[in-house]
Amino acid sequence: GVTAFLVFVAGIFFVTKSPAPVSVSVSLTLLDQECYDLSWGYFDILGADVELEVDGVTTGYATLSALGNTTYAGCEFTTTFYGIPADGSVYSYSMASGRRGSITKTKTELEADGWSFDLTIG
């Protein structure tokens, strides 16, 4: 009897176990900007604190790179959020300052995009 009960409890644990946390990457490109000569309106991007919400709860903090990488489209800044729950419904990225609004994706959209936000400004 006790063995059957323990097997039952273990079965419930494995069935209801949440998926492993994921890493969510962010790429923010300032279109038509040279990394060595950014327009004045973009200086809040360099090394900016950013956050990720899952279902309305802030779940991750990160910092954009302080130096951008020049790409064919402009100047790109990147970061990665680690240990993000993979079982949320809605994921929202924003700068911690709140100055530039937020970008929201559903879990399905974020999964399809490889757990990545590829953003542009400009």
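This text follows the structure it describes.
Definitions and limits used
- Residues numbered from 1 in each chain as written.
- Predicted model: local features only at pLDDT ≥ 70, side-chain atom pairs only at ≥ 80, totals over all residues.
- Heavy atoms only, no water.
- Helix = DSSP H or I, 4+ residues; strand = E, 2+ residues; numbered from the N terminus.
- Buried < 20%, exposed > 50% of the residue type's maximum accessible area, 1.4 Å probe, protein only.
- Contact = heavy atoms within 4.5 Å.
- Areas by Shrake-Rupley, 256 points an atom, 1.4 Å probe, with all protein chains shown as cover.
- Pairing = 2+ DSSP bridges.
- Axes fitted to C-alpha atoms, helices over the stretch in contact; angles between N-to-C directions.

> What should I look at first to understand the overall build of the protein chain in this one?
Helices and strands together make up the secondary structure of the protein chain, namely two helices and eight strands. Helices (α) and strands (β) of the protein chain occur, in sequence order from the N terminus, as α-β-β-β-β-β-β-β-α-β. Classification of the 122 residues of the protein chain by burial places 31% in the buried group. Pairs at least 24 apart in sequence give 60% of the contacts found in the protein chain among residues at least 6 apart. As presented, the protein chain carries roughly 7,400 Å² of accessible surface, and 58% of it is formed by carbon and sulfur atoms.

> Explain the pairing of strand S7 (residues 102–106) to me, please; I cannot follow it from the model alone.
The side chains of a regular strand alternate between the sheet's two faces. Of the strand pairs in this sheet, strand S6 (residues 90–95) and S7 are connected by five bridges, and their pairing is antiparallel. Paired with serine 92 across the strands is threonine 104, a residue of S7. In sequence, S6 turns back onto S7 through a hairpin of six residues, with glycine 98 there showing a positive phi of about 75°.

> How do you make sense of the sheet that holds strand S3 (residues 57–63) when you look at a structure like this?
Within a sheet, each strand pairs with its neighbour through backbone hydrogen bonds, oriented either parallel or antiparallel. One open sheet holds the four strands; their spatial order is S3-S2-S6-S7, and the pairing between them is antiparallel. Each edge of the open sheet is held by one strand with a lone partner, namely S3 and S7. Sheet twist, expressed as the average angle between the axes of neighbouring strands with direction ignored, equals 20°. One ladder, built from six bridges, connects strand S2 (residues 49–54) with S3; its direction is antiparallel. Among the inter-strand pairings, leucine 52 is bridged to a residue of S3, identified as glycine 60.

Purely geometric stuff here, so don't read any function into it on its own.
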